[in-house]
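If you want the building blocks of each chain, they are given just below.
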Amino acid sequence: MPRKINASLFISLDGVVEAPDQWHFPYFDDEMGAAVGAGLATTEVLLFGRRTYDSFAGAWPGREAAGGEDAGFAKQLGDMRKIVFSRSRLDLEWRNSEQARGDVAEVAAALKNEPGGDIALSGSISVVRQLLAAGLLDELRLLVHPIAVRKGMRLFDEGEPPIPLKLLGSETFTTGVLNLVYAPDTAPPTGGYEEAVATLGE
């Protein structure tokens, strides 16, 4: 059975995914921590864009070494295989890290056909977009925060073709955060204005 590729993102109510460190933390609690942990429970490989990798590599090894409350989670991340996409040559010091050899679609397709646990992304918006466009993303897990950030990069670019999704699961946290799990919809609803009017008239 092919491995799954799952992407998890912190996202605002108005679709912003950039710089969650500036608006996300007030909403982080045990419920969200459990959801994040569950998303990595079956993961063996992490995919990163360079910027997200730099952010993770700049924080988690130090937290593991410090031995604090999140040291166990930091060790879990450190022990996973990490593949980084970048056009520039990288010097990767975080253990089990390697630079991708090939483009996103090529590498992801090859990884899916290898044996082992699931493949995951956290952040890395450019990589998520390319996986969606190539039809290689199996699940899109969105933690929707009840805040309109009103500036920054959004998950979906304007002017690109629509991407139909189907909802696999939903959960509401006490903070108001929505934990939504989507998958690509290979058989989206059809119909148009006339069908909608006919339905209203029934």
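The coordinates are above.
Structure report, in brief. All figures in this text were calculated on a predicted structure; none of them were measured in a lab. (Residues numbered from 1 in each chain as written. Predicted model: local features only at pLDDT ≥ 70, side-chain atom pairs only at ≥ 80, totals over all residues. Heavy atoms only, no water.)

1. With respect to the pattern of salt bridges
Side chains carrying opposite charge are able to pair once their charged atoms draw close together. Rules: We count a salt bridge whenever a side-chain nitrogen from Lys or Arg sits within 4 Å of a carboxyl oxygen from Asp or Glu. Labels follow the DSSP assignment, with helices taken as runs of H or I lasting at least four residues and strands as runs of E lasting at least two, numbered in each case from the N terminus. Only protein chains enter the calculation, and the probe is 1.4 Å; a residue is then buried if its accessible area is under 20% of its type maximum, exposed if over 50%, and partly exposed in between.
Throughout the structure, instances matching the rule amount to 14 salt bridges. Salt-bridge contacts for Asp 14 lead to Arg 154; the nearest nitrogen and oxygen are separated by 3.5 Å. With Asp 14 in the loop between β1 (5–12) and α1 (30–39) and Arg 154 in the loop between β6 (139–145) and β7 (165–172), this residue pair connects regions lying 140 residues apart in the sequence. Classification of Arg 154 by relative accessible area gives partly exposed; the value is 35%. Residues Asp 54 and Arg 50 are paired through a salt bridge, measuring 3.1 Å at the closest nitrogen-oxygen approach.

2. Overview of the side chain of Arg 141
Selection rule: Any pair of N or O atoms that falls within 3.5 Å is considered a polar contact. Within protein, one atom must be able to donate a hydrogen and the other to accept it, and sequence-neighbouring residues count only if both atoms are side-chain atoms. In what follows, residue pairs with any heavy atoms lying within 4.5 Å of each other are defined as contacts.
Following the sequence through the fold, Arg 141 ends up in strand β6. A distance of 2.9 Å separates a polar atom in the side chain of Arg 141 from a polar atom in the side chain of Glu 139. When near neighbours in sequence (up to four residues on either side) are disregarded, Arg 141 contacts Asn 6, Ala 7, Ser 8, Leu 9, Gly 39, Leu 180 and Val 181.

3. Let's talk about the sheet that holds strand β5 (residues 118–122)
Strand pairing in a sheet relies on backbone hydrogen bonds, with the paired strands running either antiparallel or parallel. Under the convention used in this document: A pair of strands is labelled paired if DSSP reports no fewer than 2 bridges between them. Axis lines are fitted to C-alpha atoms, over the contacting stretch for helices. Their N-to-C directions set the angle, which ranges from 0 to 180 degrees.
Spatially, β4-β3-β2-β5-β1-β6-β8-β7 is the arrangement adopted by the eight strands of the open sheet, whose pairing is mixed. Each edge of the open sheet carries a strand with a single partner, namely β4 (97–99) and β7. Each strand axis lies, on average, 25 degrees off the axis of its neighbour in the sheet, ignoring direction. Here strand β3 (residues 81–85) pairs with β4 via three bridges, running parallel. What sits directly across from Ile 83, in β4, is Glu 98. Helix-sheet contacts for α1 involve β1, β2 (43–49), β6 and β8 (178–184), and the interaxial angle to β6 is about 165 degrees.

Just geometry here; none of it tells us what the structure is for.
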